[in-house]
Amino acid sequence: MRCLLLAAALILISLLAACTVPAPVSFVPPAHLTGGWTLKDAPPPTEAFPLALKPTHSWRTSYQGPQDFIAYLYLFNSNTEAFEAVQKWQKAPGEITFHKGNFLIVIPAKDIPKQATGDFVEALMAVLH
C-alpha cells in the first residue's frame, strides 16, 4: 500500500511540475544602443528554433541606426545552455553568432560592412547580462 501511495504522490508531483508556468523574464531588448541604434520592434521569431535545446524566451529585434540590423536574441536558463547552443548552431554565410551570459545572439549580417557589424555587436554585448 505504501508503494502505491508513493507512486501516486510522485505522479501527482510530476503533473504539477509540468503545469507550472515559467517565471516572467525581466529582460527587455533595450530601446537604444550606444552608437545610435534604436529598437524598431522585438516580436518573438516566427521560425521554430532549430536545435533540440530550447530557449526560454526569444526575440527577433530590429534596430535602426547608422546601419539597420536584425538580431535574434535567445535566452536560456543558464550560461552553459547558451554556450552549448552556440556550439551546435549551424551558421549561414555572413551570419554572426555568439553567446553572452545566458544569451545566444544571431545576427544575419551578410551584406553589412564589417565596421558597422563590429560596432553593433559591441553595443549589443554591452547591454546583455
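What this report covers is the structure whose coordinates are included nearby.

Parameters at a glance
- Residues numbered from 1 in each chain as written.
- Predicted model: local features only at pLDDT ≥ 70, side-chain atom pairs only at ≥ 80, totals over all residues.
- Heavy atoms only, no water.
- Buried < 20%, exposed > 50% of the residue type's maximum accessible area, 1.4 Å probe, protein only.
- Helix = DSSP H or I, 4+ residues; strand = E, 2+ residues; numbered from the N terminus.
- Arc of directions from axis to C-beta.
- Contact = heavy atoms within 4.5 Å.
- Core = buried A, V, L, I, M, F, W, Y, C linked by side-chain atoms within 4.5 Å.

Every buried residue belonging to helix α2 (residues 79–88) is among Ala-82, Ala-85 and Val-86, and all of these are buried. For α2, the angular spread of buried residues about the axis comes to 95°, placing them on one side. Of the exposed residues in α2, the ones pointing more than 90 degrees away from its buried face are Thr-80 and Gln-87. Considering only its buried residues, α2 is in contact with β5 (95–100) and β6 (103–108).

Turning next to the nonpolar core. Generally speaking, soluble globular proteins have nonpolar side chains that are buried together. Grouped together as the largest cluster of nonpolar side chains are 21 residues, with contacts concentrated most on Phe-69, Phe-103, Ile-105, Ile-107, Phe-120 and Leu-124. Listing elements by their share of this core, those giving two or more residues are β3 (57–64), β4 (69–75), β6 and α3 (114–127). Looking at this core element by element, the count peaks at five residues for α3. Apart from the residues within four sequence positions on either side, Phe-103 is in contact with Phe-27, Trp-59, Leu-73, Tyr-74, Leu-75, Ala-82, Phe-98, Leu-128 and His-129. Judged by nonpolar contacts, the second largest core, of twelve residues, contains Tyr-72, Ala-82, Leu-104 and Val-106.

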